[in-house]
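Listed here are the chains, written in short residue letters.
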Amino acid sequence: MTLDVDPNPGAAPRSARVRAHARLELTMLLRNGEQLLLTVVLPLGLMLMLSLTEIIDVGGATRPDRLAIVVPSMFALAVLSTSFTALAIQTGFERRYGVLRRIGTTPLPRSDVLLGKSLAVLAIETVQVAALGGVGAALGWRPDLGGLLVAIPLLLLGSAALASLALLLAGVVRAEATLALANLAYLVLAGAGVVIPIGRAPDSLQPALEVLPSAALAESLRIATSSGDVSWTLVVTMIVWLAIAAAGVSRWFRWE
């Protein structure tokens with residue numbers, strides 16, 4: 001009997017590499033206390049305040065009516081905070097400190113780096129939506145069951161569009177500017193059709209709000225979970241943003 005001790009070098013299977021990188025990305029996102037506040041505490045706190053009080057008029061005379069508006073709005077806010085703000089800031093500083101350049105020297109292709117980031121974002125958003133939906137249901141939220149199924153592809157589409165915009169911002173702008181712009185955009189977009197429905201805005205502003213990807217996501221989720229319907233105009237809006245941002249990432253994203 002002979003013992004084969006010949007070396008057998010080689011990269012791990014692609015699926016294993018992507019999973020390992022997704023776990024790394026998820027760990028780095030969860031270690032950031034500021035982002036945890038942004039992605040978990042703030043949407044949950046806003047949902048409780050908006051559904052249990054009338055401090056901010058989001059529409060709806062009763063708690064069930066307010067919940068029908070507020071819960072899907074918080075879904076969209078959670079996606080905005082994770083897919084856009086958190087991802088942009090983390091990627092921007094990874095580029096500044098050379099992390100992306102070092103990852104490029106490993107067997108992990110750049111497409112798989114982005115795939116790993118996407119899987120980490122989706123994992124966090126799944127927990128966010130489940131937690132917000134669970135609390136909403138405990139408060140009395142009763143969505144259209146068919147609309148809940150429709151909401152899944154809407155969330156994925158909105159997340160993809162906002163994540164592409166985040167990568168475009170982080171891949172073009174300096175890290176410090178990315179930090180400032182991502183947080184500023186979060187504040188502006190949250191108030192522009194996400195937390196407060198488009199219909200509550202002045203008539204002159206509503207057409208402008210309807211073309212924002214975050215507002216399109218929030219409004220489409222409100223429609224779907226309330227009636228089970230799909231607003232194809234809002235879906236097309238998100239698709240257009242995804243296509244433009246993805247093309248921009250492919251053309252201008254810098255890894256160093």
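In this text the structure is predicted, and so the values were computed from the model without any measurement. Sequence order as written defines residue numbering, which begins from 1 separately in each chain. Thresholds applied to this predicted model are a pLDDT of at least 70 for local features of residues and 80 or more for the giving and counting of side-chain atom pairs; totals over whole chains, interfaces and linings are not thresholded and use all residues. Only heavy atoms go into the side-chain values, all of them from the structure, while hydrogens and water stay out.

Some words on the packing of aromatic side chains
Spelled out, the test is: Planes of paired rings set the category: under 30 degrees apart is stacked, over 60 is edge-to-face and the rest tilted, where pairs are Phe, Tyr or Trp rings (Trp by its six-membered ring) whose centres lie within 6.5 Å. For the purposes of this entry, the term helix denotes a DSSP run of H or I that reaches at least four residues, the term strand denotes a run of E that reaches at least two, and both are numbered from the N terminus. A 1.4 Å probe rolled over the protein chains alone gives each residue an accessible area, and that area as a share of the maximum for its type sets the label: buried under 20%, exposed over 50%, partly exposed in between.
Evaluation of the coordinates by the stated rule reveals one aromatic pair. Seen from their ring centres, Phe 75 and Trp 141 are 5.7 Å apart, and the 80° between their planes marks the pair as edge-to-face. On the criterion of sequence distance, the pair formed by Phe 75 in helix H3 (residues 63-96) and Trp 141 in the loop between helix H5 (110-139) and helix H6 (145-172) is long-range, its members being 66 residues apart. Judged by its relative accessible area of 5%, Phe 75 is buried. By relative accessible area, Trp 141 is classed as buried at 7%.

Some details on the side chain of Thr 237
We count it as follows: By the convention used here, residues are in contact when the closest approach between their heavy atoms is within 4.5 Å.
Along the chain, Thr 237 turns up in helix H10 (residues 232-252). Residues contacting Thr 237, with those up to four places away along its chain left out, are Glu 210, Val 211, Leu 212 and Ala 216.

As for the pattern of salt bridges
Using the following cut-off: The term salt bridge refers to a pairing of a side-chain nitrogen on Lys or Arg with a carboxyl oxygen on Asp or Glu at a separation within 4 Å.
Counted by the stated rule, this structure contains three salt bridges. Of the charged contacts, one joins Lys 117 and Glu 94 as a salt bridge, the two residues approaching to 2.6 Å between their closest N and O atoms. Note that Lys 117 is positioned in helix H5 and Glu 94 in helix H3, a separation of 23 residues in sequence. A salt bridge links Glu 176 to Arg 96, with the nearest nitrogen and oxygen atoms 2.4 Å apart. Of this pair, Glu 176 sits in helix H7 (residues 175-194) while Arg 96 sits in helix H3, and the two are 80 residues apart along the sequence.

Some remarks on H6
Rules: By this rule the span expected of a helix is its residue count minus one, scaled by 1.5 Å. Fitting axes to the seven residues that end at a residue and to the seven that start at it, the angle between those axes gives the bend at that residue. Side-chain atoms alone can form a polar contact between residues adjacent in sequence; in general such a contact is a pair of N or O atoms within 3.5 Å, and within protein one must be able to donate a hydrogen while the other accepts it.
For H6, spanning 28 residues, the distance from its first C-alpha to its last is 41 Å, which sits close to the expected 40 Å at 1.5 Å a residue. If you look at H6, its biggest bend is around 25°, right at Ala 151, and the proline Pro 153 turns up within four residues after that. Where H6 begins, the side chain of Asp 144 points an oxygen toward the backbone nitrogen of Gly 146, at a separation of 3.1 Å.

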